[in-house]
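Residue-level structure breakdown
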Amino acid sequence: MTEKLDLKQIIAQGEELGVDDIELFHEESSENNIKIYEGEVESLKSANAKGIGIRVFIDDKMGFAYTSNFEEEEIEKTLKEAIANAEVASADEYRTLPEAVAEVEELDLYSEDLAAVKLEDKIQLVLDLEKAALEYDERIASVDTVGYGDSEVEIRIVNSKGFDKSYRKNQCYAYSYVIAREGEDTETGMAITYGDSVAELTPQKTGEEAAENAVNLLGGQPVDSQEVPVVFPPKVGSMFMYVLSQALTAEAVQKGKSVFAQKVGERVAAKEVNIIDNGLLEEGLATSPFDSEGVPSTETEIIKEGELQTFLYDTYTANKAEMESTGNASRGSYRGIPSVAPSNFYLGAGDKSAEEVLASVDKGFYVMKVSGLVTGGANPISGDFSVGATGRWIENGELTKPVREITIAGNLIDFLQDIDLIGNNLKFNPMIGSYATPTFRVKSLAISGS
């Protein structure tokens with residue numbers, strides 16, 4: 001479609017109308033979602049979208065408008081709306097386009113095999129996943145939700161600075177929420193598998209993992225309040241990465257909403273801790289050659305060997321701080337303007353296996369679920385957090401009784417400074433974005449129970 005739509009002509013049209021700079025963000029996307037219930041297809045949805053977002057800059061003022069109608073008259077109308085919006089906006093000298101770059105990384109993000117997968121094969125994969133969960137244990141009462149999804153997106157950015165690049169990517173995933181019951185006691189378990197092709201998905205393993213997670217938590221009880229070592233597997237650790245990332249953007253710092261403000265160059269974590277944002281990471285879920293305003297993606301060491309190095313910047317926040325953008329402009333779709341956000345954000349892997357991390361704990365807590373952490377359970381200004389948690393007790397390096405109805409609490413910086421053992425099993429959690437950790441141990445954390 002971009003071949004039919006002359007984006008450079010729209011750039012020229014904007015310049016003729018008097019804009020200082022103009023940017024076009026063109027997007028075409030598609031999504032497919034399948035849900036199965038008791039061996040039958042419960043729902044099957046497909047969605048396609050395309051559109052163009054137009055940003056213009058006039059006398060340090062920015063205007064934006066978008067459309068999904070590519071008729072010439074509608075494009076011209078949208079362009080003039082963006083200009084009209086700029087004319088009434090407040091002047092902000094920091095709101096500019098990035099300078100164009102000649103080259104960006106060539107990344108292989110598109111799988112022809114995934115694009116060619118038949119609908120029947122996708123449905124069979126979900127059926128296999130449901131079957132694996134149901135057959136795992138007689139205490140599995142039902143599979144509440146089991147589904148498959150895939151997405152494809154093509155992005156092209158053209159601006160008056162001379163940038164004109166595009167990329168195309170696709171991904172897929174499958175997941176299961178399982179309910180286990182024993183007497184009056186019920187528990188839920190969840191697992192997800194993802195990849196760049198259907199062949200990478202593991203329905204048997206994922207179904208069994210969801211069932212195992214639910215069964216292992218049956219009969220859980222609170223434990224006494226105490227401070228003990230706590231082990232975080234990737235599914236839960238990644239949620240802490242989400243919270244940390246919100247406090248490590250330049251926007252949060254500039255708005256006075258970050259516990260990390262004024263701490264660049266200081267030790268904020270244990271020496272073992274490296275926190276990285278890498279938009280080029282091959283196995284990442286948010287990998288792309290450039291960000292949402294055309295700045296090349298890159299690897300940024302935010303915390304290196306425990307020391308805070310920098311924050312995440314887009315062009316606007318970089319201009320305000322007299323820094324360079326880290327390639328972290330992001331937007332949900334062509335309908336929105338870019339803002340600073342993480343790409344692939346993760347805790348760097350260590351050299352221990354997940355089993356070795358667990359075996360290192362004589363008495364402690366293994367967190368399998370937390371509630372409320374990514375929806376307000378942590379204060380990004382003070383760094384304090386307090387969340388409900390469910391998991392299993394650790395005795396002599398082994399998982400024992402299930403534990404529920406407890407609270408774990410602390411401060412994000414203390415949390416980082418107490419990480420003393422890190423596994424090598426880095427894994428992303430696509431349920432909350434592109435955040436990842438290996439299994440890791442926090443040497444002491446307050447638990448509030450009975």
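Residues numbered from 1 in each chain as written. Predicted model: local features only at pLDDT ≥ 70, side-chain atom pairs only at ≥ 80, totals over all residues. Heavy atoms only, no water.

What follows deals with the overall build of the protein. When its secondary structure is counted, the protein shows 10 helices and 20 strands. Computed over the C-alpha atoms, the radius of gyration of the protein is 24 Å, within 12% of the 22 Å expected from 2.2 N^0.38 for a compact globule of 450 residues. With the C-alpha coordinates of the protein rotated into their principal frame, the extents come out at 70 × 55 × 35 Å. By the burial criterion, 52% of the 450 residues in the protein qualify as buried. Expressed as a percentage of contacts within the protein between residues at least 6 apart in sequence, the contacts between residues at least 24 apart total 72%. Surface accessibility of the protein: about 20200 Å² in total, with carbon and sulfur atoms responsible for 42%. Separation of charge centres in the protein, based on 40 positive and 80 negative side chains, amounts to 3 Å. (Helix = DSSP H or I, 4+ residues; strand = E, 2+ residues; numbered from the N terminus. Rg over C-alpha atoms; globule rule 2.2 N^0.38 Å. Buried < 20%, exposed > 50% of the residue type's maximum accessible area, 1.4 Å probe, protein only. Contact = heavy atoms within 4.5 Å. Areas by Shrake-Rupley, 256 points an atom, 1.4 Å probe, with all protein chains shown as cover. Lys, Arg positive; Asp, Glu negative; His and termini not counted. Charge placed at Lys NZ, Arg CZ, Asp CG, Glu CD.)

Turning our attention to unusual backbone geometry. The residue E38 is not glycine, and still its phi comes out positive at about 50°. Inspection of the secondary structure puts E38 in the loop between β1 (21-37) and β2 (40-58). Its relative accessible area of 59% is what places E38 among the exposed residues. The backbone phi angle of D60 is positive, close to 65°, even though this residue is not glycine. Take D60: it is sitting in the loop between β2 and β3 (61-67). In this structure D60 comes out as partly exposed when scored by relative accessible area, which is 42%.

So, on to the side chain of E130. Tracing the chain through its elements places E130 in helix α4 (residues 119-134). One buried charged residue, E130, remains without a salt bridge, the closest side chain of opposite sign being K131 at 10 Å. Setting aside residues no more than four positions away along its own chain, E130 makes contact with I36, Y37, E38, G39, V143 and V146. (Salt bridge = Lys/Arg side-chain N within 4 Å of Asp/Glu carboxyl O.)

This part covers the sheet that holds strand β5 (residues 164-182). Pairing is antiparallel in the open sheet, where 6 strands are placed in the order β3-β2-β1-β4-β5-β6. Looking at which strands have only one partner, the edges of the open sheet turn out to be β3 and β6 (185-195). Adjacent strand axes in the sheet meet at a mean angle of 20° when their direction is disregarded. In this sheet, β6 lies alongside β5 in antiparallel orientation, the contact comprising 11 bridges. The residue bridging Y173 from the neighbouring strand is Y194, located in β6. This element, helix α2 (residues 72-88), spans β1, β2 and β3 of the sheet and lies at about 150° to β3. With respect to the sheet, α4 is in contact with β1, β2, β4 (140-159) and β5, its orientation differing from that of β4 by roughly 140°. (Pairing = 2+ DSSP bridges. Axes fitted to C-alpha atoms, helices over the stretch in contact; angles between N-to-C directions.)

Scanning the model with the defined rule gives 1 cavity of 30 Å³ or more in all. Volume-wise, the largest cavity comes out at about 60 Å³. Lining of the largest cavity is provided by R55, Y94, R95, T96, E293, D314, T315, Y316, A329, P338 and S339. Of the residues that constitute the lining of the largest cavity, the class distribution is 4 nonpolar, 3 polar and 4 charged. (1 Å grid on protein atoms, 1.4 Å probe; cavity = no way out; pocket = protein on both sides within 12 Å on 5 of 7 lines; lining within 4 Å. Points joined across faces, edges and corners; volume = space filled by probe spheres on them. Nonpolar A, V, L, I, M, F, W, Y, C, P; charged D, E, K, R; others polar.)

Formed by 55 residues in total, the largest nonpolar core has its most connected members in F232, F260, F365 and L416. When residues in this core are grouped by element, the largest group, 7 residues, is from helix α6 (residues 234-247). Other than its neighbours up to four places away in sequence, F232 contacts G237, F240, V367, I408, F415, P438, T439, F440, V442 and L445. Within the second largest apolar cluster, 25 residues are counted, among which are L125, C172, V178 and A211. (Core = buried A, V, L, I, M, F, W, Y, C linked by side-chain atoms within 4.5 Å.)

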